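What follows is each chain in one-letter form.
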Amino acid sequence: MAARERDFTAPTVQLLTPSGELRPTPEAEEYLPLIEALPDSMLEQFHRDMAISRRLDLACANLQRQGQLALWVPSHGQEAAQVGSAHAARAQDHIFPSYREHVVGMIRGLDPVAILSLLRGATLGGWNPAENGNFHLYTLVLASQTLHATGYAMGIQFDGQVGTGDPDVDTAVLVYYGDGSTSQGDASEALVFASSYETPQVFFVQNNQWAISVPVSRQSRSPLSLRGGGFGMPGVRIDGNDVLISYAVTRQSLEEARGGEGPSLIEALTYRMGAHTTADDPTKYRTDAEVEYWAQRDPITRYRTWLESRGASASFFDEVEIEAADVAADVRRRALDVPAPSRDRIFAHVYSEPHPLMAEESAWLEAFETGFEGGAA
């Protein structure tokens with residue numbers, strides 16, 4: 001029997017070309033007014049945030065190599081997807097990250113040292129979302145944050161904080177996850193509940209082409225954006241290395257969610273230029289030609305080219321480079337000063353009340369580590 005022809009395609013919505021020209025694809029025309037309404041200060045902030053993220057990423061990777069972090073999760077190459085979408089959210093919105101959205105947290109007010117403290121092993125959680133722009137905790141269990149986000153979005157809806165017409169009340173949820181996480185059952189379950197309850201929510205898939213060493217072609221035979229329609233919600237594929245379209249599409253999707261129009265899914269096509277984490281060696285499974293292809297589509301380079309075409313001065317970019325270096329140096333210095341946690345922190349919050357098992361295990365650990373100290377003496 002001959003195989004049936006299947007049309008598993010989706011247009012990639014784009015405003016900025018890889019060469020830095022503002023040349024909207026047909027599907028992107030409707031988003032131009034959102035960009036035209038942005039002041040120059042916000043357009044410059046996009047570049048500033050991406051540049052700082054890139055510089056900080058390098059500094060933190062070096063910290064891990066120097067034994068100061070147990071792990072680092074690079075975001076090099078994904079800056080546009082993260083910066084654009086993060087700026088699209090309102091203050092009251094809730095953001096559920098995976099473990100790579102460092103600059104999103106910073107945009108929401110999170111001190112990056114809190115992230116380093118987590119990856120240094122000095123904290124069990126890292127930060128209080130209520131004190132950091134409703135930026136929730138990192139989730140190392142793939143896709144579980146999609147369920148957390150959907151549950152929270154259902155609560156927002158039940159509390160009547162959707163579709164009131166009051167921009168200070170209407171609230172949405174933005175959840176980040178990767179192409180590999182789309183294969184997890186949690187992600188599909190979250191999409192089912194979000195669609196069924198018409199939650200005020202945006203699913204933001206950062207398709208960086210690799211789920212550690214497994215290519216996205218193994219994860220899905222069709223564009224991930226089509227998953228939206230399969231679950232009864234709009235789905236759109238964007239150029240994730242175009243910060244302008246990342247902002248505009250996320251902005252519109254969040255507005256629709258707050259207005260009571262239900263959830264949507266965004267697939268941002270991007271690329272992680274580095275390793276999955278510092279425990280990974282991408283040269284084992286990626287070709288130099290592939291990496292070079294994406295290097296030519298660098299999100300910061302293309303955006304800088306566009307800003308320069310609009311008249312941004314060389315002094316502006318020089319100032320940003322100095323600021324990025326200062327931020328990276330400051331974060332490095334303060335991260336090295338983070339104290340090691342006491343042994344009782346491991347057991348303090350497992351149960352809400354004192355528990356005999358925790359007391360027993362704490363005593364065992366105390367005796368175990370004291371034995372080493374005695375031997376050394």
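## Side note on helix α2 (residues 40-65)
Compared with an ideal rise of 1.5 Å per residue, which puts 26 residues at 38 Å, α2 spans 38 Å between its outermost C-alpha atoms and is within 8% of the ideal. Following α2 by one or two positions, G67 has its phi on the positive side, about 85°.

## Examining the packing of aromatic side chains
Evaluated as defined, the whole model comprises 17 aromatic pairs. Judged by centre distance (6.2 Å) and plane angle (70°), the ring pair of F135 and Y138 falls under edge-to-face. The same class applies to F135 and to Y138, which are both buried. Arranged with centres 6.2 Å apart and planes meeting at 0°, the rings of F193 and Y197 form a pair that is stacked. With F193 and Y197 both in helix α7 (residues 185-197) and four residues apart, this pair spans about one turn of that helix. Using a relative accessible area of 38% as the deciding quantity, one classes Y197 as partly exposed. Three or more aromatic residues joined by ring pairs form one cluster here, namely F46, Y247, Y303 and W306.

## Brief notes about the side chain of N132
With respect to the element layout, N132 can be found in the loop between α5 (112-120) and α6 (144-158). Accessibility expressed as a relative area gives 11% for N132, which makes it buried. A polar side-chain atom of N132 sits 2.9 Å from the main-chain carbonyl oxygen of N128. Ignoring sequence-local partners within four residues, the contact set of N132 consists of R108, G109, L110, D111 and W127.

## Here we look at unusual backbone geometry
Of note, the phi angle at N134 is positive, near 60°, even though the residue is not glycine. For N134, the position within the fold is in the loop between α5 and α6. You can call N134 buried: its relative accessible area is 16%. Its identity as a non-glycine residue notwithstanding, Q209 has a phi of 80°, on the positive side.

## Examining the sheet that holds strand β4 (residues 201-207)
Strands sit in the order β1-β7-β8-β4-β3-β2 across an open sheet of six strands; the sheet is parallel. Either end of the sheet is taken by a strand with one partner, and the two such strands are β1 (12-13) and β2 (94-96). As paired strands, β2 and strand β3 (residues 173-178) are joined by three bridges and run parallel to one another. If you follow I95 over to β3, its bridge partner there is L174.

## Comments concerning the pairing of β4
Counting buried positions along β4 gives seven out of seven residues, so the element sits mostly inside the fold. Side chains Q201, F203, V205 and N207 project from β4 onto one buried face, and the interleaved V202, F204 and Q206 project onto a second face that is buried too. Pairing of β3 with β4 involves six bridges; the strand directions are parallel. Residue pairing for β4: Y176 is matched across the bridge by F204. The parallel pair β3 and β4 is bridged by α7, and the resulting crossover is right-handed. One ladder, built from six bridges, connects β4 with strand β8 (residues 264-269); its direction is parallel. Residue F204 lies in a different strand from β8, and its bridge partner there is I266.

## Details of the environment of E361
Its place among the elements puts E361 in helix α15 (residues 356-376). It is 58 Å that separates the C-alpha atoms of E361 and D7, two residues lying 354 residues apart in sequence.

## Some points on the packing of α6 against α7
Contact pair α6 / α7: the axes reach a minimum separation of 7 Å and the direction vectors enclose 15°. If you check the angle between α6 and α7, you find them roughly parallel. When you trace α6 past α7, the crossing you get is left-handed. In contact with S144, T146, L147, T150, M154, Q157 and F158 of α6, α7 contributes D186, A187, E189, A190, F193, A194 and Y197. The class makeup of the residues in the contact of α6 with α7 is eight nonpolar, four polar and two charged.

What counts, and at which threshold
- Numbering of residues starts from 1 in every chain and runs along the sequence as written.
- Reporting in this predicted model follows two pLDDT cut-offs: at least 70 for local features of residues, and 80 or more for side-chain atom pairs to be given and counted; totals over whole chains, interfaces and linings ignore these cut-offs and use all residues.
- Only heavy atoms go into the side-chain values, all of them from the structure, while hydrogens and water stay out.
- Secondary structure counts use DSSP, requiring at least four H or I residues in a row for a helix and at least two E residues in a row for a strand, with both numbered from the N terminus.
- What a helix should span is 1.5 Å times the count of its residues minus one.
- Side-chain rings of Phe, Tyr and Trp (the six-membered ring for Trp) are treated as a pair once their centres are within 6.5 Å; stacked means planes under 30 degrees apart, edge-to-face means over 60, and tilted covers the remaining angles.
- Categorising residues by exposure relies on relative accessible area from a 1.4 Å probe, with only protein chains included: less than 20% of the type maximum marks a residue as buried, more than 50% marks it as exposed, and the intermediate range marks it as partly exposed.
- Here a polar contact is recorded for every N or O atom pair within 3.5 Å, except that within protein the pair must consist of a potential hydrogen donor and a potential acceptor, and residues adjacent in sequence are included only if both atoms are side-chain atoms.
- Any pair of residues with heavy atoms lying within 4.5 Å of one another is described as a contacting pair.
- For two strands to be treated as a pair, DSSP must find at least two bridges joining them.
- With its strands directed away from the observer, a crossover is right-handed exactly when the path from the first strand over the helix to the second travels clockwise.
- Simply put, an axis is a line fit to the C-alpha atoms, just over the touching stretch for a helix, and the angle between two N-to-C directions goes from 0 to 180 degrees.
- In what follows, roughly perpendicular refers to angles from 65 to 115 degrees, roughly parallel to angles under 35, roughly antiparallel to angles over 145, and oblique to any angle outside these ranges.
- Two helices cross in a left-handed way if the nearer one is turned anticlockwise from the farther one by less than a right angle. They cross in a right-handed way if the turn is clockwise.
- Gly is put with the polar residues, along with every residue not named as nonpolar or charged; the nonpolar set is Ala, Val, Leu, Ile, Met, Phe, Trp, Tyr, Cys and Pro, and the charged set is Asp, Glu, Lys and Arg.

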